[in-house]
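An overview of the molecular structure
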Amino acid sequence: TPFEAPADRPPTGAAAAAVRDTFLSSDNNLWPAEIAEFEAAFKEMSVIMRSAATKLASCADAFVRSSGAADADKLSAVLTHPSCAKGRLLYYFPQTKPADKDGDTKWCGWHSDHGSLTCLTKAMYFDQDGQEVTDKVGDDLAIESRDGAIHNVRIPSDAIAFQIGQAAQIQSGSVLRATPHCVT
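A few points on the structure. Since we're looking at a predicted model, the values are computed, not measured. (Residues numbered from 1 in each chain as written. Predicted model: local features only at pLDDT ≥ 70, side-chain atom pairs only at ≥ 80, totals over all residues. Heavy atoms only, no water.)

**Quick notes on the overall build of the protein chain**
Stated formally: Runs of H or I in DSSP of at least four residues are treated as helices and runs of E of at least two as strands, each being numbered from the N terminus. Accessibility throughout is a Shrake-Rupley quantity obtained with a 1.4 Å probe, and a residue counts as covered only by protein chains that appear here.
Secondary structure summary: the protein chain contains four helices and eight strands in total. Going from N to C terminus, the protein chain has its helices and strands arranged as α-α-α-β-β-β-β-β-β-β-α-β. Here the protein chain has roughly 12,300 Å² of accessible surface; of this, 56% comes from carbon and sulfur atoms.

Right, here's the structure in full:
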């Protein structure tokens, strides 16, 4: 599977071509030559994330099963299917908009992920010279709980976090709920 043995090329075949043409902009991953260790580090991190996600999915499936939902074990099935799990890095361009009326600036507005399960690491910030900024004040995410409360989340550098996506909500009959969030 992609996270257990990350591939540099997506799967082939007619079905894979449809998925590739829809969701991928390139047939090859591009690894920055300026950071020689990046590719190996990303793939190593992917293995760790996949392992944790698989364990979490089993627990989530057990929770769905205990609720009496007819279709349990969907989340584990999705994560073990070779073409379903994806790894990607997100880049947010420098902010150019002024703060909103509440003084808030967000890198990415409120949304719920469309997939089943999203695994996150701590956000990293870089200055214009490509140097990591370690003194950024603030949180990585704002999330909305089921009771409508907003919680600010900062992911520690030695941890990973997970969010339930819309696909898992649908597959579980809303026993699992997608996590509305924004990147702060």
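**Some words on the nonpolar core**
Let me state the cut-off plainly: By nonpolar core we mean a set of buried residues, namely Ala, Val, Leu, Ile, Met, Phe, Trp, Tyr and Cys, connected to one another through side-chain atoms within 4.5 Å. Any residue under 20% of the maximum accessible area for its type is buried, any over 50% is exposed, and the rest in between are partly exposed; the area is computed with a 1.4 Å probe on protein chains only. Any two residues whose heavy atoms approach within 4.5 Å are treated as being in contact.
Of all hydrophobic cores here, the largest spans 12 residues; its members are Ala53, Ala57, Ala60, Val64, Ala72, Leu75, Leu79, Leu117, Ile164, Ala168, Val175 and Leu176. Those elements that provide at least two residues to this core are α2 (38-66) and α3 (74-80). With four residues, α2 is the single largest residue contributor to this core. When neighbours within four sequence positions are excluded, Ala53 is seen to be in contact with Leu79, Leu117 and Phe162.

**Looking at the packing of aromatic side chains**
Rules: Centre distance within 6.5 Å is the pairing criterion for rings of Phe, Tyr and Trp, where only the six-membered ring of Trp is used; planes under 30 degrees apart are then read as stacked, over 60 as edge-to-face, and the remainder as tilted.
Taken as a whole and assessed by the stated rule, the structure comprises one aromatic pair. Relative to Phe42, the ring of Phe38 has its centre 6.3 Å away and its plane inclined at 25°; by these criteria the two rings are stacked. Of this pair, Phe38 and Phe42 both sit in helix α2, four residues apart, roughly one helical turn. For Phe42, a relative accessible area of 14% gives the class buried.

**Topic: the sheet that holds strand β5 (residues 141-144)**
Applied cut-off: Pairing between strands is defined by DSSP: at least two bridges between them are needed. Angles shown run from 0 to 180 degrees and are taken between the N-to-C directions of axes, each axis being a line fitted to C-alpha atoms and, for helices, limited to the stretch in contact.
Across the sheet, four strands lie side by side as β1-β8-β5-β6; this open sheet has antiparallel pairing. Bordering the open sheet on either side are β1 (108-111) and β6 (150-153), each of which pairs with just one other strand. Each adjacent strand pair in this sheet contributes to an overall mean axis angle of 15°, direction not counted. Pairing of β5 with β6 involves four bridges; the strand directions are antiparallel. When the bridges of β6 are listed, Glu144 appears paired with Ile150.

**Here's the deal with the side chain of Gln163**
Under the convention used in this document: Counting of polar contacts relies on pairs of N or O atoms within 3.5 Å, with two restrictions inside protein: one atom must be capable of donating a hydrogen and the other of accepting it, and residues adjacent in sequence are counted only when both atoms are side-chain atoms.
The residue Gln163 is located in strand β7 (residues 161-164) in this model. Looking at Gln163, its side chain comes within polar contact range of the side chain of His181, at 3.2 Å.

**Here we look at the side chain of His181**
Within the element layout of this structure, His181 appears in strand β8 (residues 181-183). Using a relative accessible area of 3% as the deciding quantity, one classes His181 as buried. Here the side chain of His181 touches Asp113 through a polar contact of 3.3 Å, side chain to side chain. Not counting residues within four places of it along the chain, the set of residues in contact with His181 comprises Gly109, Trp110, His111, Ser112, Asp113, Leu141, Ala142, Ile143 and Gln163.

**Overview of α2**
To keep things clear, this is the line we draw: Expected helix span is taken as 1.5 Å per residue step, with the number of steps being one fewer than the number of residues.
Helix length check: α2, at 29 residues, gives a terminal C-alpha distance of 42 Å against a target of 42 Å (1.5 Å per residue), a fit within 8%. The complete set of buried residues in α2 reads Phe42, Lys43, Ser46, Met49, Arg50, Ala53, Ala57, Ala60, Asp61 and Val64. Where α2 is buried, its residues touch α3, β2 (117-120) and β7. Looking at the residues trailing α2, positive phi occurs at Gly68, about 90°.

Function cannot be inferred from these measures alone, as they are strictly geometric.
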